[in-house]
Amino acid sequence: MPDLITTDLVRLDVALGSTKDDVIRSLADVIGAAGRSSNVDQIVEDALAREATSATGLPGGIAIPHCRTAGVSEPTLAFARLSPGVDFGAKDGPADLAFLITAPAGGDATHLQILTKLARALVKASFTDSLRAAGNPAQVVALILEAVGEAPSGVAPAAAPAAPSPTPASPPADEAGPRRSLVGVTACPTGIAHTYMAAEALEEAAERAGVDIQVETQGSAGSTPLAPDVIARADAVIFAVDVGVRDRGRFAGKPVVSSSVKRPIAEGDAMIAEALRYADDPNAPRVEGTLTGGEGGGGANESWGGRTRRVLMTGVSYMIPFVAAGGLLIALSFLLGGYEIVGPYGDIAVNNTLFNLPDPSALGLDHALFGSGLTAYIGALFFIIGKTSFTLFIPALAGYIAYAIADRPGIAPGFVMGGLAANLFAVHTSDANPVDMPVTGFIGAILGGVLAGVIAHWIASWKVPSWARGLMPVLVIPLLTSILAGLVMLVILGKPISWLMGQLTDGLNSMSGSSAVLLGIILGLMMAFDMGGPLNKVAYSFAAAGVGSAAAATNAPELKIMAAVMLAGMVPPIALALATVLRPGLFTVAERENGKAGWLLGASFITEGAIPFAAADPLRVIPAIMLGSAVTGGVSEALDVSVRAPHGGIFVLFAVDGIAGYFIALVAGVLVGCLAVIALKSVGQRDNDLVTV
């Protein structure tokens, strides 16, 4: 692999334009002129797309625009010492040191390693001072390669000029007795640049203060947990995080300073001093006993907005594997066993084996792949596994939201609230025509998870005798929380939602005939609003109820309603997947990964594939996908598309009448939803802490 940077990729004391866009374009041209790229325009496009998500200006006159791009085949770094400096969005003014970091589109690991090492070096005044003092490009190359662990032999770096020592936060060890000890955790949503820069800043500040500190970086490049004895010896802990702290309970009882991940980069000395002050203050904020906030973060200085985002993202991050695995397995079951598998899957699983395969024709599986009993059998098993995974994602969402607020004691009651939201064991009346307990879906899971977490947190704050403390997290807190939160869910939330669902169903039944297009629009709005929640389920149930009796008809309105509902439900995941491709810079790395699964989830009529996006940014995502689904629902009704299958997405095209209209409606809604989400995410205040790499 060629060197990351060479002398022909360095420019010293140059004016590359008056804006950051000019600088990025000029540095991309430098890469092209050095023979490191055959597509400079692609580098510019990708770097500017990344820049649009959040500013890459850093304190101390530094800018690190960066991107993964098809414009290079090897990791490449271009550097410029700017004169005059250019504004890259840092709070303390323009940048005079600019690095354009480019990595191949598939070079994730290398990209992380480069950013991690370079980010740590950039916090060191000696490194940036040396870059400013370098007399020629060769010295710059040697300094940078040394910083990322690739220094060539025989080239001596420039010596850093002496810098005045900052005022220490506390007296040196030889003047103040034994050295104090601190521990810290740094983490940002993507776990790349800011995670490591914050750690380095804390370490530098601690050294100036004569304090020992060990920092655990919970980043994308991996995390090595602090040793228990190191935590035990620490006088205080610093949490500089924008996501949850993993295993926060390890720090129980320690005085805690909590902040965003960016604060140490600008105020490392102040944070060390604050931690030392808290260590000596019996009334300082502390990590609470056995109830420590789990992955929900927390701390005295955390804003409500930051806490809310952190709690929701913790729940969503644990929920995603259930949605992805379940949705893909259901899609595979339709492919193998045909959409009819939703009927006899139980009979097949109980009565058949690999050595006693089912007869697809006898079970009505007319669309089993190749008419094979083996594919029908495997399809039935895949459907059961997928449905089980899907059944658990609502409890997982609620359980880990509660965990984010209340740590381990919140998990059990949180899962119980999620089970109630999903009606996990099908509670219903005992009469001849049983009525199910209402399902509140993912909205109910969020409310129930928060409720369980808050109640568990409150109970944990009770003062109890020492003999009872061991019972609190394993018995008292889960028991009382489940009772209190469960009663609220069943008594207060259940009945109003049941009434609302009844009203919506009655309203939908009154719309048909000349109101068909309007009905399609309304159904589309309902399918996208809560993506598997009560409104979505009302719309789907309304459509599916008429399919059985009308499946043999040629132009039944019930089949058109089913088509509008299915197509509208396919739009949100596909629209968001397309948006992550067209404008990847508007989405985090995790969201772009979710987008890859969104194509198949949407094509399989798994609307829940959009939930991770909606939970992370509801005010911009939900209106956009509602608009797209409304367009699809209306167009589907207008073009008289009908579907005889109650599920399956593109895997049931054999059950579609009006295939051309089917695809026209789907494409129209996907494009509208995609453009709407891009437009909404392109305006408004951006969160500069959500660094996307």
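Residues numbered from 1 in each chain as written. Predicted model: local features only at pLDDT ≥ 70, side-chain atom pairs only at ≥ 80, totals over all residues. Heavy atoms only, no water.

Participant: Pulling in residues and values, what's your account of the sheet that holds strand β9 (residues 236-241)?
Facilitator: Pairing within the open sheet is parallel, and its 4 strands lie in the order β8-β7-β9-β10. At either end of the open sheet lies a strand with only one pairing partner, and these are β8 (212-217) and β10 (256-259). Going from strand to strand, the sheet's axes swing by 15° on average, the running direction of each strand aside. The pairing of β9 with β10 spans 4 bridges and is parallel. (Pairing = 2+ DSSP bridges. Helix = DSSP H or I, 4+ residues; strand = E, 2+ residues; numbered from the N terminus. Axes fitted to C-alpha atoms, helices over the stretch in contact; angles between N-to-C directions.)

Participant: Pulling in residues and values, what's your account of the nonpolar core?
Facilitator: The nonpolar side chains of soluble globular proteins are, as a tendency, buried together. Counting residues in each nonpolar core, the largest one holds 89 residues, and the members touching the most others are Val565 and Met570. Setting aside residues no more than four positions away along its own chain, Met570 makes contact with Gly602, Ala603, Phe605, Gly649, Ile650, Tyr662 and Leu666. By size, the runner-up hydrophobic cluster in this structure holds 54 residues, among which are Ile5, Leu12, Val40 and Leu143. (Core = buried A, V, L, I, M, F, W, Y, C linked by side-chain atoms within 4.5 Å. Buried < 20%, exposed > 50% of the residue type's maximum accessible area, 1.4 Å probe, protein only. Contact = heavy atoms within 4.5 Å.)

Participant: Tell me about the environment of Ala590, residues and numbers included.
Facilitator: Assignment of secondary structure puts Ala590 in helix α20 (residues 589-603). Here the alpha-carbon distance between Ala590 and Phe613, two residues 23 residues apart in the chain, equals 9.8 Å.

Participant: I'd love a proper account of the packing of helix α4 (residues 125-133) against helix α5 (residues 137-147), names of residues and values included.
Facilitator: Between α4 and α5, the shortest axis-to-axis distance is 9 Å and the interhelical angle comes to 160°. When the axes of α4 and α5 are compared, the pair comes out roughly antiparallel. Of the two elements, α4 crosses α5, and the hand of that crossing is left-handed. On α5, the residues that touch Phe127, Ser130 and Leu131 of α4 are Val140, Leu143, Ile144 and Ala147. Among the residues making up the contact of α4 with α5, the classes are represented as 6 nonpolar, 1 polar and no charged. (Parallel < 35°, antiparallel > 145°, perpendicular 65-115°, else oblique. Left-handed = near helix turned anticlockwise from the far one by under 90°. Nonpolar A, V, L, I, M, F, W, Y, C, P; charged D, E, K, R; others polar.)

Participant: Tell me about the pattern of salt bridges, residues and numbers included.
Facilitator: Evaluated as defined, the whole model comprises 14 salt bridges. A salt bridge links Lys681 to Asp617, with the nearest nitrogen and oxygen atoms 2.9 Å apart. Highlighted residues: Lys681 in helix α23 (residues 659-681) and Asp617 in the loop between α21 (611-616) and α22 (618-638), separated in sequence by 64 residues. Beyond isolated ion pairs, a larger network of salt bridges with shared partners links Arg180, Asp235 and Asp280. (Salt bridge = Lys/Arg side-chain N within 4 Å of Asp/Glu carboxyl O.)

Participant: I'd like a rundown of α4, residues and numbers included.
Facilitator: Two residues of an α-helix separated by three or four positions point the same way, owing to the 3.6 residues in each turn. Regarding α4, the residues found buried are Phe127, Thr128, Ser130 and Leu131. Taken end-on, α4 shows its buried residues confined to a sector of 155°, consistent with a single buried face. (Arc of directions from axis to C-beta.)

Participant: I'd like a description of the pairing of strand β5 (residues 76-86), backed by residues and values.
Facilitator: Of all the 11 residues making up β5, 8 are buried; the element is thus mostly covered by neighbouring parts of the structure. Where strand β1 (residues 10-14) lies against β5, 4 bridges are found, and the strand directions are parallel. Paired with Arg11 across the two strands is Ala80, which belongs to β5. As defined by bridge partners, β5 adjoins strand β6 (residues 95-104) across 7 bridges and the pair is classed as antiparallel. Its bridge partner lying in β6, Arg81 is registered against Leu97.

Participant: Can you break down helix α12 (residues 373-406) residue by residue, with the values?
Facilitator: The end-to-end C-alpha distance of α12, which contains 34 residues, comes to 49 Å, matching closely the 50 Å that a straight helix rising 1.5 Å per residue would cover. At Phe393, α12 is bent by approximately 30°, the largest bend along its length, and proline Pro395 sits one to four residues beyond. Burial runs high along α12: 24 of the 34 residues are buried. Among the residues trailing α12, Asp407 stands out with phi positive, at a value near 60°. (Expected span 1.5 Å × (residues − 1). Bend = angle between axes of the 7 residues up to and from the residue.)

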